[in-house]
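# A structural walkthrough
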Amino acid sequence: MGHGTNRVEDMTSPNTATARETIVEIHSVCLPPKKTTFQKLKKRFADVFFPDDPLERFRNQTWRNKVILGLQSLFPIFTWGSQYDLKLFRSDVISGLTIASLAIPQGISYAKLANLPPIVGLYSSFGPPLIYSVLGSSKHLAVGPVSIASLVMGSMLSESVSPTQDPVLYLKLAFTSTFFAGLFQASLGLLRLGFLIDFLSKPTLVGFTAGAAVIVSLQQLKGLLGIVHFTGKMQFIPVMSSVFNHRSEWSWETIVMGVGFLIILLTTRHISMRKPKLFWISAASPLASVVISTLLVFLIRNKTHAISFIGHLPKGLNPPSSNMLYFSGTHLALAIKTGIITGVLSLTEGIAVGRTFASLKNYQVNGNKEMMAIGFMNMVGSCTSCYVTTGSFSRSAVNYNAGAKTAASNIVLASTVLVTLLFLMPLFYYTPNLILAAIILTAVIGLIDYQAAYKLYKVDKFDFFTCMCAFFGVLLVSVPLGLAIAVVVSVIKILLHVTRPNTLEFGNIQGTQIYQSLKRYREASRIHGFLILAVESPIYFVNSTYLQERILRWTREEESRIKENNGSTLKCIVLDMTAVSSIDTSGIEALFELRRRLEKQSLQLVLVNPVGSVMEKLHKSKIIESLGLRGLYLTVGEAVADLSSTWKAHGQPCI
């Protein structure tokens, strides 16, 4: 395709009247190998949905091995379970007991954050970890309730249903939302649509998480100050108004004890962050604080009634809740919407946490398997009195530092919670609400990643703007709308990149065959008679007209510059298509129209290095033929050398 291979002298020196006697070989631009439409669709389908080629390990295997590999693929417990030994068990027991000391108080605390009975938080720390230990592929992910999903569920459901005035309906909606969250998560994994969660970009998550952390922290002022009549709204202004409007309800006993324990928890957290080997201090401090605060409240119960406490918690295993799933009625849409949003957030957090610790130990976490594991875990959980759960960063970090070797640490966690549910629930009767508030505050402070926000500001201002949209949207509008605003801003950024792609003017770096941006490389210089442009995007219907007009504008500006400087006449527009990964029929029509309009100005259009799929479409559309013999080249250097040589042969000056 194109012209044959030949050798010409390089005539591109912009600064001397004498051409360099460098021989440049001209190569043909080839078409990609022929493929049928079915073969193309099959490859595209595989690239989109099966980039990891999950069936590769099954090839050239006996039927027996295929069955074993299939079981290991569906149930990762068969992979590590077959090699399990006492040494691994010892490590997992230690890590499981360590994360249990953190998970029990956090479970109770996060359930209250979601406006659910505290016992639901413990139920959610028992069943889901067992299911994940069978289906999950991460060795270090510690499963249970998390602050962000709890906050989102609590804020979205309480907008329509009061958890105090109609607690039964609220509980039904919470379990139903959990079911739909699990269904959505499992569907993404089963249909291999995990790329959809990539629309929650890092800037969006940084801003959203920080905003949610501030909201969660403000909500804990109720428990830390001892306020009884607190606003049900989540926004910054209503919460702060409620805090100061109810100053008469502030309890100095609650404030002193709450702030004291908060300082202790923050101090232990700081120690563990500075010295990771002392991780057990921050891991054990929540449970120790619960025990000590409960004893204090028990001892002073007759002297003061200003400190509120949890009260009665029922003993026993998770009761079935499948009969409470709400599949009809006026609030079904709310349950579905809440389920999808909490499902996406918890899935994003769980997979991100799993991959973080997998990279530290150099093993793979399968994203689609994780989606199915977390989804199935939540679907089953919704039928056993659990609400949305996923992998928690704080608990997973403790699990990792405690030396967990396999997902069996989740089994130890669940076993510890089981003992607590069966025998220890009466001991939590006098646990003060202030300690739960202090535990939540300590956990969510780490979610405010100001260093990541500063890095976004330094590297990409638009990403920083997206981050701030999410942060202030959550803080001032609402949790779901704040997230939606940030996602919309991210999509707008994508659309701007697609509809208004970047175009660059290239020049030659003297003494080489390298052509680079004139603005980026000062040593690059223009070639007389040529305007060399590069397009850094696919050419689609949404940007084809813009690119055509932008290239014509480049042409007008170059002719004006030449006229002002009394330079050589512009003869050729070279379009470097190396970065054009795809083109559609509208893009091809735009190239036809561009060639026609340039011809009217006695200018030649030359295309350089179109990629395989683009080259194939250009060939089928006959645009290659319309460009002529010297209208297509493999490199910019070859195009400039060949055309300059041709002009010289015809007696046309090129300098």
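Residues numbered from 1 in each chain as written. Predicted model: local features only at pLDDT ≥ 70, side-chain atom pairs only at ≥ 80, totals over all residues. Heavy atoms only, no water.

## Describing a positive patch on the surface
Positive charge collects at one region of the surface, where K87, R90, K361 and K405 lie side by side. Structurally, R90 is set in helix 4 (residues 86-113). (Patch = residues over 30% accessible without salt bridge, like charges linked within 9 Å, V, L, I, M, F, W, Y side chains within 5 Å. Areas by Shrake-Rupley, 256 points an atom, 1.4 Å probe, with all protein chains shown as cover. Salt bridge = Lys/Arg side-chain N within 4 Å of Asp/Glu carboxyl O. Lys, Arg positive; Asp, Glu negative; His and termini not counted. Charge placed at Lys NZ, Arg CZ, Asp CG, Glu CD. Helix = DSSP H or I, 4+ residues; strand = E, 2+ residues; numbered from the N terminus.)

## Thoughts on the UniProt feature "transmembrane region" (unreviewed entry) in the protein chain
UniProt annotation of "transmembrane region" (unreviewed entry) refers to residues 169-193, 205-230, 250-266, 278-300, 371-390, 411-429, 435-452 and 464-496 when read in the numbering used here. Span residues 169-193 is 88% helix and 0% strand, its end C-alpha atoms 32 Å apart. (UniProt positions renumbered as here; feature names shortened; annotations may be inferred.)

## Points about the layout of surface pockets
Where empty space is left can be seen by rolling a probe of water-molecule size over the atoms. Considered as a void within the structure, the second largest pocket measures approximately 1,000 Å³ in volume. If you trace the second largest pocket, you find 32 residues lining it, with K112, N115, T164, K222 and F230 closest to the centre. Where the lining of the second largest pocket is concerned, the elements lending two or more residues are helix 4, helix 8 (167-190), helix 10 (221-225) and helix 18 (433-445). In terms of residue count, the dominant contributor to the lining of the second largest pocket is helix 18 (four residues). Its residues placed into classes, the lining of the second largest pocket shows 16 nonpolar, 13 polar and three charged. (1 Å grid on protein atoms, 1.4 Å probe; cavity = no way out; pocket = protein on both sides within 12 Å on 5 of 7 lines; lining within 4 Å. Points joined across faces, edges and corners; volume = space filled by probe spheres on them. Nonpolar A, V, L, I, M, F, W, Y, C, P; charged D, E, K, R; others polar.)

## Thoughts on the packing of helix 9 (residues 202-219) against helix 18
The N-to-C vectors of helix 9 and helix 18 enclose an angle of 165°; their axes lie 9 Å apart at closest approach. Taken as axis vectors, helix 9 and helix 18 run roughly antiparallel relative to one another. Helix 18 is crossed by helix 9, and the crossing has left-handed handedness. Contacts between helix 9 and helix 18 involve A213, V216 and S217 on the former and, on the latter, I440, L441 and V444. (Axes fitted to C-alpha atoms, helices over the stretch in contact; angles between N-to-C directions. Parallel < 35°, antiparallel > 145°, perpendicular 65-115°, else oblique. Left-handed = near helix turned anticlockwise from the far one by under 90°. Contact = heavy atoms within 4.5 Å.)

## Considering the domain arrangement of the protein chain
By the assigned domains, the protein chain splits into domain 1 (85-310 + 329-493) and domain 2 (501-650). Inter-centroid distance (C-alpha atoms) of domain 1 to domain 2 is 55 Å. (Domains from an automatic or database assignment.)

## Quick notes on the environment of L191
Structurally, L191 can be placed in the loop between helix 8 and helix 9. Using a relative accessible area of 51% as the deciding quantity, one classes L191 as exposed. Residues L191 and M372, 181 residues apart in the sequence, show an inter-C-alpha distance of 9.8 Å. (Buried < 20%, exposed > 50% of the residue type's maximum accessible area, 1.4 Å probe, protein only.)

## Here's the deal with a nonpolar patch on the surface
A contiguous nonpolar patch, built from V48, F195, L196, F199, V491, I494 and L495 and spanning about 560 Å² of accessible area, is present on the exposed surface. Of all the elements, helix 21 (residues 479-499) adds the most residues to the nonpolar patch, at three residues. Along the polypeptide, F199 turns up in the loop between helix 8 and helix 9. For F199, a relative accessible area of 41% corresponds to the partly exposed category.

## A closer look at the environment of F393
For F393, the location among the structural elements is in helix 16 (residues 393-401). On the basis of relative accessibility, which here comes to 45%, the residue F393 falls in the partly exposed class. Sequence separation of F393 and V146 is 247 residues, and the distance between their C-alpha atoms is 8.7 Å. The residues touching F393, leaving out its near neighbours within four places in the chain, are E349, V353 and F357.

## Focus on helix 15 (residues 367-382)
Here helix 15 is 16 residues long and its end C-alpha atoms lie 22 Å apart, about the 22 Å a rise of 1.5 Å per residue gives. Those residues of helix 15 hidden inside the fold are in contact with helix 6 (127-135), strand 3 (143-144), helix 8, helix 14 (332-360) and strand 4 (390-391). Its side-chain oxygen at 3.1 Å from the backbone nitrogen of N368, N366 defines the N-terminal cap of helix 15. (Expected span 1.5 Å × (residues − 1). Polar contact = N/O pair within 3.5 Å; in protein donor to acceptor, adjacent residues only side chain to side chain.)

## Re the packing of aromatic side chains
In this structure the tally under the stated criterion is 16 aromatic pairs. Between the aromatic rings of F75 and F78, the centroid separation amounts to 6.2 Å while the plane-to-plane angle is 85°, which identifies the pairing as edge-to-face. A relative accessible area of 31% places F75 in the partly exposed class. With a centroid separation of 5.0 Å and 80° between ring planes, the pair formed by F471 and F472 is classed as edge-to-face. When its relative accessible area of 18% is taken as the criterion, F471 is described as buried. By way of ring pairs, the aromatic residues F298, F309, Y429 and Y430 are connected into one cluster. When the ring centre of W63 is taken as reference, the NZ or CZ atom of K66 above it lies at 5.0 Å. The positively charged end of K461 is found above the aromatic ring belonging to Y457, 4.6 Å away from the centroid. (Phe/Tyr/Trp six-rings, centres within 6.5 Å; stacked < 30°, edge-to-face > 60°. Lys NZ or Arg CZ within 6 Å of the ring centre and 35° of its normal.)

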